[in-house]
Amino acid sequence: IVEDGGRIVAAARVVLLDTLEESGQDFSRFTLPIERPYCYYSRLVMLPAYRKSGLALSFDKIRLHYLQTVGVAFAIATTHYKRLDSLLALGWTHIGDMPFVAVGNAPQLFSPLCLWQPASSSQSKAPFT
C-alpha cells in the first residue's frame, strides 16, 4: 500500500496459488505452463488524484521483484488495455483476452490476459491456444 498523511491512496497485490481454479477465473481456453506454484496479479487500485504519478509502474516492479524472489514458475495478470504497454515493456506477453462476466444487459467486456515467466523457465512454456 501507499499512504499519504495516514490515508491509503494506492494498493496492489499478487496472490501465490497452486491451482488455476484458486484464482476464481476461467482460464480453460488458454494453454498455460504446467509448473506450479504461480502468481496472479490480483488488484491495482489508486485514488484518481494519484494516477499518472508513477505508482503503477512502481507497484509492477515491486511485484516482479517478489515473483523473482519466491521463484514462481509463471504469473498471469488481467489488466486494462491502457496498462497493457506498461506490462509488455516489463517482459509480460499478451496471450489473449478474458471476458468479464456481463451483468444484466451490460455489453460483454474483455480484459487483456498477460503471462510472465522468469527467463530460466521460458524454454519450458507450453504453446498458447
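My aim in this report is to walk through the structure given alongside it, one point at a time. (Residues numbered from 1 in each chain as written. Predicted model: local features only at pLDDT ≥ 70, side-chain atom pairs only at ≥ 80, totals over all residues. Heavy atoms only, no water.)

## Considerations on the side chain of Ser42
Right, so step 1: Inspection of the secondary structure puts Ser42 in strand 3 (residues 38-46).
Right, so step 2: Of note is the side chain of Ser42, whose polar atom sits 3.0 Å from the side chain of Arg13.
Right, so step 3: With residues up to four places along the chain from it excluded, the contact list for Ser42 reads Arg13, Val14, Val15 and Arg63. (Helix = DSSP H or I, 4+ residues; strand = E, 2+ residues; numbered from the N terminus. Polar contact = N/O pair within 3.5 Å; in protein donor to acceptor, adjacent residues only side chain to side chain. Contact = heavy atoms within 4.5 Å.)

## Regarding the pairing of strand 3
Right, so step 1: Both strand 2 (residues 7-17) and strand 3 contribute to a ladder of eight bridges, which runs antiparallel. Of the residues in strand 3, the one forming a bridge with Val14 is Tyr41.
Right, so step 2: Note that strand 3 and strand 4 (residues 74-78) share four bridges and pair parallel. Bridge pairing in strand 4 links Tyr41 to Ala77.
Right, so step 3: In the classification by handedness, the crossover that spans strand 3, the intervening helix 1 (residues 55-70) and the parallel strand 4 is right-handed. (Pairing = 2+ DSSP bridges. Right-handed = clockwise from strand over helix to strand, strands pointing away.)

## Details of helix 2 (residues 81-89)
Right, so step 1: Residues of helix 2 that are buried include every one of Arg83, Leu84 and Leu87, and no others. Buried residues of helix 2 fall within an arc of 125° about the axis and therefore sit on the same side. Set apart from the buried face of helix 2 by more than 90 degrees, the exposed residues are Lys82, Asp85 and Ala89.
Right, so step 2: Turning to helix 2, the residues buried within the fold contact strand 3, helix 1, strand 4, strand 5 (93-99) and strand 6 (110-116).
Right, so step 3: Of the residues one or two after helix 2, Gly91 is the one with positive phi, at around 100°. (Buried < 20%, exposed > 50% of the residue type's maximum accessible area, 1.4 Å probe, protein only. Arc of directions from axis to C-beta.)

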